[in-house]
Each structure stands twice: as C-alpha cells, then as structure tokens.
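Structural characterization, general
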Amino acid sequence: MEIPCLIEKTLDIIGNKWSFLVLRELFEGTKRFNELRRSIKGISPNSLTTTLKHLEKKGIIVRTAIPTVPITVEYSLTEKGKSFHSVLKEMKKWAAEWA
C-alpha cells in the first residue's frame, strides 16, 4: 500500500511556479487579469490564463464575471486559498534567511 505524500498533493493543488506569484498578488485583494499580468514580471498571457484556470479548478481562487461592456472579470481567493497565506509567509521568511 502506497502512502500518499502530502507535499506532492500540495504541489498538485498549487500547480506551477506562477501559482505562487498569482497567490502573492491575490493576498493583497481582488485583481483583474491585466492587473495580475502587469504585477507578475515575466508571465505570458497564456501562462497566466493556464495558471488561473488551474487554481480555479482546484478551488483556490474564484473567477467573477461582471456584466459590463466589455465584460469585467475579477479573481479573488476562496477560503481554501486564503488558508495558504501562512505557508507563503513562512516561505518568504525562509528565503529572507537563506536565499
């Protein structure tokens, strides 16, 4: 019987390196696509779209479409996503000491 690794499960939920940066931005509050794209250096629109879809599928963020012309789409954290904040803070502390 194989015992599942919880770190692997966490990485599966979070996804790729861009996910951490998207989460960092959303911890500051709700953002639109272009706000995220401008604030995350080096991310392509395609990578951002893929990352947002992954995080939404995993229940980390919620996508809200506002019926304006043109349509406005905003992204924010779910409770599940907000609960990851302490993990990211610890990663920042570790990087401050060791990176």
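Residues numbered from 1 in each chain as written. Predicted model: local features only at pLDDT ≥ 70, side-chain atom pairs only at ≥ 80, totals over all residues. Heavy atoms only, no water.

Thoughts on the pairing of strand β2 (residues 61–66)
The two faces of the sheet receive side chains in turn, since in a regular strand these alternate between them. Selection rule: Only strands that DSSP links by at least two bridges are regarded as paired with each other. Segments assigned H or I by DSSP are reported as helices when at least four residues long, segments assigned E as strands when at least two residues long, and all are numbered from the N terminus.
Pairing of β2 with strand β3 (residues 72–77) involves six bridges; the strand directions are antiparallel. Each bridged residue has a counterpart across the sheet, and for Val62 the counterpart in β3 is Ser76.

What about helix α4 (residues 45–57)?
Given 3.6 residues per turn, any residue in an α-helix points the same way as the ones three and four places further on. Rule in force here: To estimate the expected span of a helix, subtract one from its residue number and multiply by 1.5 Å. Think of it in three bands: residues with accessible area under 20% of the maximum for their type are buried, residues over 50% are exposed, and the middle band is partly exposed, with areas taken using a 1.4 Å probe on protein chains only. Working definition: the arc comes from the directions between the helix axis and the C-beta atoms, pointing outward to the latter.
For α4, built from 13 residues, the straight-helix expectation of 18 Å at 1.5 Å per residue is met to within 8% by its first-to-last C-alpha distance of 18 Å. Buried residues of α4: Leu48, Thr51, Leu52 and Leu55, and no others. Taken end-on, α4 shows its buried residues confined to a sector of 100 degrees, consistent with a single buried face. Away from the buried face of α4 by more than 90 degrees, exposed residues Asn46, Lys53 and Lys57 are located.

Points about the packing of aromatic side chains
The test is simple: Planes of paired rings set the category: under 30 degrees apart is stacked, over 60 is edge-to-face and the rest tilted, where pairs are Phe, Tyr or Trp rings (Trp by its six-membered ring) whose centres lie within 6.5 Å. Only Lys NZ and Arg CZ are tested; either one counts as a charge over a ring when it is within 6 Å of the ring centre and within 35 degrees of the ring normal.
Overall, the coordinates contain one aromatic pair when judged by the stated rule. Ring geometry for Phe20 versus Phe84: centroids 6.1 Å apart, planes at 50 degrees, classification tilted. With Phe20 in helix α2 (residues 17–26) and Phe84 in the loop between α5 (79–82) and α6 (85–98), this pair connects stretches of sequence that are 64 residues apart. Side by side, Phe20 and Phe84 carry an identical accessibility label, which is buried. The ring of Trp18 has Lys17 sitting right over it, with the charged end atom 4.6 Å from the ring centre.

Limitation: the analysis is restricted to geometry and does not speak to function.
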